[in-house]
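Survey of secondary and tertiary structure
Chain by chain, the residues run as shown.
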Amino acid sequence: MLDKPQRHVVFAESLDVAIEALAGGASVLAGGTWMMRAERRGEPLPASVVLLDRIPALSEVVVTDTGVTLGAGLTHVAVANALKGLAGLQGIVTAASSAANPAIRHAATLGGNLAASDFPAADLAPALLVQGAEVELASRSGSDRMPLGAFLAERRARLRSAILVRVHLPREAVASAHARLPLRKAGDYPVAIVSLARLPSGALRVAVGSVEPVARRWTALEAAIGTRPISPDEAARLALAHMDFEGRDGVEADGWYRVAVLPALVKRAMEDLEARA
Ligand SMILES: Cc1cc2nc3c(=O)[nH]c(=O)nc-3n(C[C@H](O)[C@H](O)[C@H](O)COP(=O)(O)OP(=O)(O)OC[C@H]3O[C@@H](n4cnc5c(N)ncnc54)[C@H](O)[C@@H]3O)c2cc1C
């Protein structure tokens, strides 16, 4: 019989301990819902991990009139509970409470959802992009803040030496919505995701997840809409006219299909936004 590989686990009680463990070669383990399925994806499980769930800063929530700070260790359920009822942030609540299934939502963390660099279908990524979110990273060289969009593009390199500690949200949106298309009712990854946020100027922010390898803002559509009020049908028409996505092929859907459903998702998200406004 083959011997099971020895694994080393660090239960970090402070950020400093976690950063040192990371520098010593350990992998960060949060809710484990992505990492523990590594072998199914043909990847080896790490030999050494550092657990973050005993670090108090990672489960903190701070809400002020101008912003919200969310610890990266909050589960999807905790994120939804923290933001429920806060004006302008409904899109994040929808994302956190409709992703995956109830068991996963109780374990999967905000940090894990944003840090899993090979996971294009993260619901929280587009929902946070339209809010102008920034992430706070901590490493041996100190702490650092950067826009979420830049973090998503650079995260693989940045997270070799840094831990995602918090997400900062300005409270500038007056309404937001999140529309996703899973092929089944629950449990599978969304084929495409559209998040919207309306600013006081009337400007609309649009972000798309799951269609390309990394979620991003749809700036061509944002510019076409401008600050004028438009109907959901008009938004869908503009979405078709300003399509600039290259869909990724995957087990749930082909790339062309992910792109083809975007105008309908824009329309659905606009209808939700109007209902909220
Ligand atoms: C059946 C199923 C269905 C799912 N459906 C959806 C869905 O519909 N929508 C959706 O968005 N997601 C879905 N997911 C994915 C799920 O949301 C992610 O697995 C989860 O968010 C990852 O978080 P975690 O805390 O479990 O991360 P872990 O598995 O612990 O870690 C994931 C990665 O992030 C790194 N990491 C974690 N936290 C940090 C941190 N603070 N700093 C630095 N690096 C960190 C880890 O090192 C690892 O590389 C689904 C998962 C499953 C199993």
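A few points on the structure.

Conventions we followed
- Residue indices follow the written sequence of each chain, beginning from 1 at its first position.
- Residues qualify for local features only when their pLDDT is at least 70, as the model is predicted, and side-chain atom pairs are given and counted only at 80 or more; totals for whole chains, interfaces and linings, by contrast, use all residues.
- For the side-chain quantities, the full set of heavy atoms in the structure was used; hydrogens and water were omitted.
- What makes a nonpolar core is a set of buried Ala, Val, Leu, Ile, Met, Phe, Trp, Tyr and Cys residues whose side-chain atoms join them at distances within 4.5 Å.
- With a 1.4 Å probe rolled over the protein chains alone, any residue whose accessible area is under 20% of its type maximum counts as buried; one over 50% counts as exposed, and the rest are partly exposed.
- Numbering goes from the N terminus for both helices and strands, where a helix is a DSSP run of H or I of at least four residues and a strand is a run of E of at least two.
- In what follows, a contact means two residues having at least one pair of non-hydrogen atoms within 4.5 Å.
- When a carboxyl oxygen of Asp or Glu lies within 4 Å of a side-chain nitrogen of Lys or Arg, that pair is called a salt bridge.
- Any residue with a non-hydrogen atom lying within 4 Å of a molecule or strand is treated as near it.
- Pairs of N or O atoms are called polar contacts if they sit within 3.5 Å, as long as, within protein, a hydrogen donor faces a hydrogen acceptor (for residues adjacent in sequence, only side-chain-to-side-chain pairs).
- Surface accessibility in these figures is a Shrake-Rupley result with a 1.4 Å probe; residues are shielded only by whichever protein chains are displayed.
- Residues are grouped as follows: Ala, Val, Leu, Ile, Met, Phe, Trp, Tyr, Cys and Pro are nonpolar; Asp, Glu, Lys and Arg are charged; all remaining types, including Gly, are polar.

1. A look at the nonpolar core
With 41 residues, the main nonpolar core has Leu83, Ile92, Leu114, Leu128, Leu148, Phe151 and Leu169 as its most contacted residues. Take this core: its biggest share by element is 5 residues, from helix 6 (residues 124-129). Beyond its immediate sequence surroundings of up to four residues, Leu83 is in contact with Val68, Leu70, Leu89, Ile92 and Val93. Residues Val191, Ala239, Ala253 and Val266 belong to the second largest nonpolar core, which totals 29 residues.

2. Quick look at the pattern of salt bridges
Applying the stated criterion across every chain, the model contains 17 salt bridges. Across the pair Arg158 and Asp144 runs a salt bridge whose closest N-O atoms are separated by 2.2 Å. Residue Arg158 is found in helix 7 (residues 148-158), and its partner Asp144 is found in strand 7 (residues 142-147); the two are separated by 14 residues along the sequence. Accessibility expressed as a relative area gives 25% for Arg158, which makes it partly exposed. With a closest N to O distance of 3.4 Å, Asp244 and Arg216 form a salt bridge.

3. A few points about the site of the ligand
The environment of the ligand is made up of 33 residues, and the closest members are Val28, Thr33, Met35, Thr109 and Asp123. Measuring from an oxygen atom of the ligand, one finds a side-chain N or O atom of Arg180 at 2.7 Å. Isolated, the ligand exposes 970 Å² of accessible area, and the fraction of that covered by the protein chains is 92%. Secondary-structure elements contributing two or more residues to the shell around the ligand are strand 2 (27-29), helix 5 (110-115) and strand 8 (162-170). Broken down by element, the residue count for the shell around the ligand peaks at 4 residues, all from helix 5. Here the residues of the shell around the ligand sort into 20 nonpolar, 9 polar and 4 charged.

Don't take any of this as a statement about function, it's just geometry.
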